[in-house]
Amino acid sequence: VPPSSPTKMHHHQNYLYQFIKKIQTENFFVAFINKVVLSSVSLTVSQFMFVSLACAVVSALVSMSLGLPLFGTIALSCVTFVLPGFVLKIMGSKKREKFVQQLPNAIDLLISVLKSGHSIPQAIRAVAEEMQAPCGSEFNEVLQRLNLGQSLPDALAISANKYQSFELDLIR
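First, a word on scope: everything that follows refers to the structure included in this document. (Residues numbered from 1 in each chain as written. Predicted model: local features only at pLDDT ≥ 70, side-chain atom pairs only at ≥ 80, totals over all residues. Heavy atoms only, no water.)

### Describing the overall build of the chain
Next up, step 1: Along the chain, the regular secondary structure elements total eight helices and zero strands.
Next up, step 2: Sorting the 172 residues of the chain into buried and exposed places 28% on the buried side.
Next up, step 3: Taking all contacts inside the chain whose residues are at least 6 apart in sequence as the whole, residues at least 24 apart take part in 53%.
Next up, step 4: Accessible area for the chain stands at about 11500 Å²; split by element, carbon and sulfur atoms hold 66% of it. (Helix = DSSP H or I, 4+ residues; strand = E, 2+ residues; numbered from the N terminus. Buried < 20%, exposed > 50% of the residue type's maximum accessible area, 1.4 Å probe, protein only. Contact = heavy atoms within 4.5 Å. Areas by Shrake-Rupley, 256 points an atom, 1.4 Å probe, with all protein chains shown as cover.)

Following this line, the structure appears as structure tokens:
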């Protein structure tokens, strides 16, 4: 199908419509917030958008000063606009991998403390104090949720969703 045909144009418009619809839904913002939380970067949505726009503008200015054609400038700006999102995703993935690697030791510690006769909150506190970040800090958050009255399954479910951890979801 030639690029200028109505079918091809309709196809591109459909993708654009789906992208805009995705951005307008709450899921887009929930996914963004999860990326920010998981990456441990403290940014608001407006700060993140400012950083993304700044990257795009700076790259456009640099590419124009180097004499790149307009298409190259626009393409580079688009790439650098989405770059901060990819950085957040990479940071979150590394943190998630470390969490998953630490989780078996955290579970072993939980079991040991429980076998010694301590309560579940005491076992979670032991993991929070003994384990390094991110596992230790996440179990500290679980402990805070328990102290605020959340049930153990609900407190663990938040962490399991945050880290997309099937392993943690099994123990709740």
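### A look at the pattern of salt bridges
Next up, step 1: Summed over all chains, the structure comprises four salt bridges.
Next up, step 2: One salt bridge in this structure joins E138 and R145, with 3.3 Å as the shortest N-O distance. Across the pair, R145 and E138 agree in class, each one buried.
Next up, step 3: The closest approach of N and O atoms between E141 and R145, which form a salt bridge, is 3.4 Å. (Salt bridge = Lys/Arg side-chain N within 4 Å of Asp/Glu carboxyl O.)

### Details of the nonpolar core
Next up, step 1: Counting 22 residues, the largest nonpolar core has L103, A106, I124, C135, F139 and L168 as the members making the most contacts within it.
Next up, step 2: If we ignore the near neighbours within four places in the chain, the residues touching F139 are L103, A106, L110, I124, V127, A128 and L168. (Core = buried A, V, L, I, M, F, W, Y, C linked by side-chain atoms within 4.5 Å.)

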